[in-house]
Amino acid sequence: MVGLLADTHGVLDGRVLDALARCEVLVHAGDVGSASVLDDLAAITPDVYAVVGNNDVAKKWIGPAHALAQLAPEHALTLPGGTLVVRHGHRVLPAGRRHERLRALHPGARAIVYGHSHRRVIDDEADPWVLNPGAAGRARTYGGPSALRLRAGPRAWRVEPIVFPRA
């Protein structure tokens, strides 16, 4: 199982962390904000993939600079049944055409996960799927902190939303 989260901005809601505890792989789609968020994820699994978001900059980063330097601009993970591409959505404009543009940029992917908007989306009406786990921290959670769990099998993928009320 793959846990998908984004937009923690330095604070990972503990309920989200608990809900992802059985995941073998964790994916953070940017605006991590703090090395401690990465440490919390690594305590669950060594397979943590995180990308840099527009707020992941030295003047806002909490913790050692080397942790910030390890964030990639993009990841492509090979999973059973296809490829999951991970990036932050801030460079894919205009926002109103973001899903269309992401699909055009990554036509060979099975799914694309992105952050930035803080709005949870499961757009599986076309291929590749476009997923946004929403915000897993405190900032702009639009109804409460959230994440997604992805079950990736050789023939079928299934996405399960995880949503908690505001604390």
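About the thresholds
Residues numbered from 1 in each chain as written. Predicted model: local features only at pLDDT ≥ 70, side-chain atom pairs only at ≥ 80, totals over all residues. Heavy atoms only, no water. Pairing = 2+ DSSP bridges. Helix = DSSP H or I, 4+ residues; strand = E, 2+ residues; numbered from the N terminus. Axes fitted to C-alpha atoms, helices over the stretch in contact; angles between N-to-C directions. Contact = heavy atoms within 4.5 Å. Buried < 20%, exposed > 50% of the residue type's maximum accessible area, 1.4 Å probe, protein only. Arc of directions from axis to C-beta. 1 Å grid on protein atoms, 1.4 Å probe; cavity = no way out; pocket = protein on both sides within 12 Å on 5 of 7 lines; lining within 4 Å. Points joined across faces, edges and corners; volume = space filled by probe spheres on them. Nonpolar A, V, L, I, M, F, W, Y, C, P; charged D, E, K, R; others polar. Core = buried A, V, L, I, M, F, W, Y, C linked by side-chain atoms within 4.5 Å. Right-handed = clockwise from strand over helix to strand, strands pointing away.

Caption draft 1: Summary view of the sheet that holds strand β5 (residues 82-88). Spatial ordering of the open sheet is given by β4-β5-β6-β8-β7, a layout of 5 strands whose pairing is mixed. With partners counted over all chains shown, the strands left at the sheet margins are β4 (74-79) and β7 (120-123), one partner each. Across the sheet, the mean angle separating the axes of adjacent strands is 20° when strand polarity is ignored. Pairing analysis gives 3 bridges linking strand β6 (residues 111-115) to strand β8 (residues 129-133), with the strands arranged parallel. Each bridged residue has a counterpart across the sheet, and for I112 the counterpart in β8 is V130. Strand contacts of helix α4 (residues 98-105): β5, β6, β7 and β8, with the helix running at about 130° to β6, the strand carrying the most contacts.

Caption draft 2: Molecular detail of helix α2 (residues 35-42). Where α2 is concerned, the buried positions are A35, V37, L38 and L41. The arc that holds every buried residue of α2, seen down its axis, measures 160°, which confines them to one face. Next to the buried residues of α2 lie β1 (2-5), α1 (14-19), β2 (25-28), β3 (48-50) and α3 (65-69).

Caption draft 3: Focus on α4. Among all positions in α4, only R98, H99, L102 and R103 are buried. Viewed along the axis of α4, the buried residues span an arc of 135°, placing them on a single side of the element.

Caption draft 4: Highlighting the layout of surface pockets. Considered as a void within the structure, the largest pocket measures approximately 240 Å³ in volume. Top contributing element to the lining of the largest pocket by residue count: α2, with 4 residues. Looking at side-chain class alone, the lining of the largest pocket contains 9 nonpolar, 2 polar and 1 charged residues.

Caption draft 5: Region of the structure containing the environment of V11. By the secondary structure assignment, V11 is in the loop between β1 and α1. The class of V11 is partly exposed, set by a relative accessible area of 27%. For the pair V11 and V52, spaced 41 residues apart in sequence, the C-alpha to C-alpha distance is 16 Å. Apart from residues lying up to four places away in sequence, V11 is in contact with V37, A136, G137 and R138.

Caption draft 6: Examining the nonpolar core more closely. Formed by 22 residues in total, the largest nonpolar core has its most connected members in L12, L20 and W61. Residue assignment for this core shows that the elements contributing at least two residues are α1, α2 and α3. Counting residues per element, this core draws most heavily on α2, at 4 residues. If we skip the residues at most four places from it in the chain, W61 touches V32, G33, S34, A35, L38, D56, A67, L68 and L71. Core analysis: the second largest hydrophobic core is formed by 19 residues, V27, V51, L131 and W157 among them.

Caption draft 7: Just the pairing of β1, in detail. Burial of β1 is two-sided: the residues V2 and L4 facing one way and the residues G3 and L5 facing the other way are all buried. Here β1 pairs with β2 via 4 bridges, running parallel. Bridge assignment links G3 to a residue of β2, and that residue is L26. In this region the chain leaves β1, passes through α1 and returns to the parallel neighbour β2; the handedness of that crossover is right-handed. Here β1 runs beside strand β9 (residues 146-152); their pairing, made up of 3 bridges, is antiparallel. Residue pairing for β9: V2 is matched across the bridge by L150.

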